[in-house]
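Reading the structure
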Amino acid sequence: MKNLIAAALLGVLSMPAATAAATLPRAAGTPAPLEVTRVLGGALVDPVVDGPWVYVASGRIVSTWSHALPAAPLLVDAGTAPARGAIHGLTRWGDYLYASWQAGDDSGGVAVYSIADPAHPVLVNEFDDYTASSFKQAWTIAAANGYLYLFDQENGIYGGDLGADPLHPTFTQHVRWPTIYNRSRVEGNLVYASGNQMSNQQFHVCTTFDVSDPAMPVAIGGCGGGDPLENFRTRVQGTQAASFGLKLTLRDLADPADPMLLGSIDTPPATDGFVSGDHAYSLGFAGIDIWDIADPSAPVAAGHSDIPTLGASSVTPLADGALVLTSTDRFQRLDVSAPTAPALVSETAPHGGVVTTDVAIVDGKAVLLAENYGLGIADARTLAPIARFDASLPEQLNQRDFEQFAVDGTRAYLVAWGYGLVIADLADPLAPVELGKIEYEYPSAVAAKGDYAYIGTVTNGGVVQVVDVSDPAAPVLRGAVTMTSVFRLQVHGNYVYAADEFAGLHVIDVSDPDAPAVVAIYSDGCMGIMAGAYDVQVSADGTRAFVACETGLQVVDITNPAAPVRLGGWPAEWANGSTVAVDGHRAWFGDRAGVHEIDVSDETNPAFVATTWIGGYLPVRMRATGDGRLFVFNRQVGTHVLGEMAVSDAIFADGFDAAPVAPQVSTFDALAEGFMGTSMQHGGINWHEVNGIGGVFPDGSTFVPADVGDQLVIEDASVFYADFPDFGSAPNTLTFGTSFVNGDNFSIGALVRASGGLERPAQAVAMDLAYYENGPWGGIVVHLEGYERGALVASDSLTLAGEGDRDHPATSRLSISAPAIDAFKLHATFNGQPTAPRVMVDNVTVTPLR
């Protein structure tokens, strides 16, 4: 199977026939299935840094960030079409990124992304035939000397010549035994690979491979690792290796075939680190510990910084510090110019979070359960982060391991496996406030209604515990009932419904909070060979329970809670850990094979609609938000959004439409004349990606990037406005390129391309243009394009005249509109190729969505 992809449409990966929904029959007359519209977040790996561009692999996607302004990183592409599985490694060679991926069905392979346009990687190929083995474990990947090296933890190490075919090299197996490498780094002719093996205890290794002859890589020695039981991560920088964990260990790699142990020192626990000059920085649970390594044989403590690095998943050394990516939704840029006083240059967060496991819509905002810190508050449509809630718990991941949450009114109830119950006030979702908390051992499920919350446990036996939260500042434990295990809880009226892995669905009467009592156990058709119920959702009217069992979906009549009755079901096999979500007459059943959409309009005979692949990983939670979307969560492959958010007409209760949203107009008049750099934020627009590519002029001559410059320029063009009073608004305009004229005279700069990211989604974008036409410019087309999540949704263009006086100045206006626009691109072409007319822009008008 050479190619898994022929084309990617709307960011959705076509699946192989073995898992495609089209191979499964759909009942006549059933509704069309929801399709994947976004994939976000998931486990992080080391990014690729290429000049100002940072390519971040998480889950199944690669997102693109611009660090042209280190203090204001900009997300320019939230993610391309997803790889078939979870990305475990990312590397670059030439105009391509290569990602190694692993799916939950033991398949693995390589995804290839073109970065011909560096701001927007495009998935151009995907293959899994590097080995004939049906059991693959594709982990880290490295490119060096024109070869691609793939480290498979089950089958060994493979290499392929990218010069022969950069989209699909033919691989040769170089190492034939299993490896444990999960990280790699290239330095010249050397590839350093490191990894951890978990058996009875962790074991860490690091190996150096000489790829001077790229077709014959040779393992020539160790590259660090220190104590394999106390070092968890090795970072190679130049000729030195630093290993971090329970101690810092330093090695000299000047002779890679004979690495020398230099010194070590016991340290607070660290998950990663980096070296800069004479100092090493270990990133632990409570900040950064700083070590003086001027004498590498005797490292000594040099200080501590409280910059939060809890959950550091990746650290990339930079010339002046490091880029740190954490599972707590912090993407940080550190500056260590002052070695013992690290500075946080910038901190941003990815759309949708990193490790997210649930969502609720509160007051028009998406409230996301972030496993490692609490709550992320995001725009309901784009999932762009806008606020967060960090629970006041110890800086330890096990104590902050938030398994589930329940939202009742304006309160959120979070259960942290290592601590207990935390209560947050969401009355202002942009500023959540902790109301109270109570310790409780190993909670993993929660439901809440009114004055009571209900906690469920799996570890060390199942318990459903009633908690009185009438005073949220002082929760009180009331009665409890034991069972085998509790995977999910739902509450309706005086009854709590508990999904028990080993017994089915428990119905608990909680009318007396001090004496909850099991009144029924439903297991009809639910119990499989190994287990029973894993999830339950109760209908809004409390008459139906939809239960996810090992045997499939069960539809249960609970009109009389004490006597549940099976109405119908949809069968599955070995669906251990399955999940369920329901919205109206649609239900979704999630297992390792994917998300199965089921029409339950006939409860006695549910009808299969389609199956959606999410990488072969088990959903930990699915949530239908009632606005046309289904959210599917998994810690490894991230968040999958199925369906589109329904657009409200914003009608008031009295029946009158809401007042139109006032457009925001950028006149540039408040800015000082001069160069603004390669990017800037102004008027709700993040301008970036200016020129940077070569092209051709209509007369056949060509230009290179240096000829047209890459600057955003504010030009005082008062003289121009005097002759063209209908253009924009005097005195300033925006232009591009290499120069400007001081004072009220002006220079019209070269435009090849310029992109704008919108801080708030818009329904329309328009702008005034001034330009030269005639002579050498005739036939050039200037385009204004609107994008929504990377897809082209609107466009307008003008063609420059080619007759009359040379360099004749003219003006026009371009405008675009669509249901939603989150970015735009202004660019010029001649016969489809990039070109560079002279253009000025003013009165850029953005009309936000209502």
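Residues numbered from 1 in each chain as written. Predicted model: local features only at pLDDT ≥ 70, side-chain atom pairs only at ≥ 80, totals over all residues. Heavy atoms only, no water.

What to know about the sheet that holds strand β20 (residues 247-252)
Strand order across the open sheet formed by 4 strands is β18-β19-β20-β21, with antiparallel pairing between neighbours. The sheet is open, and its two edges are formed by β18 (231-237) and β21 (260-266), each paired on a single side. Within the sheet, the average angular offset between the axes of one strand and its neighbour, ignoring direction, is 15°. Two elements, strand β19 (residues 240-245) and β20, share 4 bridges in a ladder whose sense is antiparallel. Opposite A242, over in β20, you have L250 as the bridge partner. (Pairing = 2+ DSSP bridges. Helix = DSSP H or I, 4+ residues; strand = E, 2+ residues; numbered from the N terminus. Axes fitted to C-alpha atoms, helices over the stretch in contact; angles between N-to-C directions.)

Examining the state of the cysteines
This model, assessed by the stated rule, comprises 2 disulfides. Shown here is the disulfide that connects C206 with C223, its sulfur atoms set 1.8 Å apart. Measuring handedness by torsion sign, the sulfur bridge of C206 and C223 sits at about -90° and is left-handed. Placement of C206 in strand β16 (residues 202-210) and of C223 in the loop between β17 (218-222) and β18 is noted, with a sequence separation of 17 residues between them. For C206, a relative accessible area of 8% gives the class buried. Here C526 connects covalently by a disulfide to C549, the sulfurs 2.0 Å from one another. On the sign convention where negative means left-handed, the S-S torsion of about -95° between C526 and C549 marks this disulfide as left-handed. Of this pair, C526 sits in the loop between β45 (517-522) and β46 (533-538) while C549 is found in strand β47 (residues 544-549), placing the two residues 23 residues apart along the sequence. Going through the chain in sequence order and numbering each bonded cysteine, the pairs you get are 1-2, 3-4. (Disulfide = S-S within 2.5 Å. Buried < 20%, exposed > 50% of the residue type's maximum accessible area, 1.4 Å probe, protein only.)

Some details on the pairing of strand β70 (residues 839-848)
Of all 10 residues in β70, 10 are buried, a share of seventy percent or more. Of the strand pairs in this sheet, strand β57 (residues 664-666) and β70 are connected by 3 bridges, and their pairing is antiparallel. When the bridges of β70 are listed, S666 appears paired with V844. Sheet topology places strand β64 (residues 732-737) next to β70; 2 bridges connect them, and they run antiparallel. Residue L734 lies in a different strand from β70, and its bridge partner there is V841.

Some remarks on the nonpolar core
W687, L734, F736, M767, L769 and L826 are the most contacted members of the largest nonpolar core, which has 37 residues in total. Those elements that place two or more of their residues in this core are β60 (685-688), β63 (711-716), β64, β65 (753-773), β66 (781-788), β67 (791-799), β68 (808-830) and β70. The element that contributes the greatest number of residues to this core is β68, accounting for 9 residues. Apart from residues lying up to four places away in sequence, W687 is in contact with F668, T678, S679, M680, H682, L712, L734, A754, S755, F824 and V844. Core analysis: the second largest hydrophobic core is formed by 22 residues, V45, W53, A57 and L97 among them. (Core = buried A, V, L, I, M, F, W, Y, C linked by side-chain atoms within 4.5 Å. Contact = heavy atoms within 4.5 Å.)

Some words on the pattern of salt bridges
For the structure shown, the criterion picks out 31 salt bridges. Among the salt bridges present, the one from R235 reaches D272, with a minimum N-O distance of 2.7 Å. Here the residue R235 occupies a position in strand β18, and D272 occupies one in strand β22 (residues 270-276), the gap between them amounting to 37 residues. Residue R235 shares its accessibility class with D272, and that shared class is buried. With its nearest N and O atoms 2.8 Å apart, the salt bridge here joins D468 to R478. Placement of D468 in strand β40 (residues 462-468) and of R478 in strand β41 (residues 476-483) is noted, with a sequence separation of 10 residues between them. Residue class for D468 comes out buried when judged on its relative accessible area of 13%. (Salt bridge = Lys/Arg side-chain N within 4 Å of Asp/Glu carboxyl O.)

A look at the side chain of S666
Relative to the assigned elements, S666 resides in strand β57. Setting aside its immediate chain neighbours within four residues, S666 contacts H682, G683, I685, D842, N843 and V844.

Side note on the sheet that holds strand β13 (residues 171-175)
Ordered in space as β10-β11-β12-β13, the 4 strands form an open sheet in which the pairing is antiparallel. Every other strand in the sheet has two partners, leaving β10 (138-144) and β13 as the edge strands with one partner each. Strand-to-strand twist across the sheet, computed as the mean angle between neighbouring axes with direction ignored, equals 25°.

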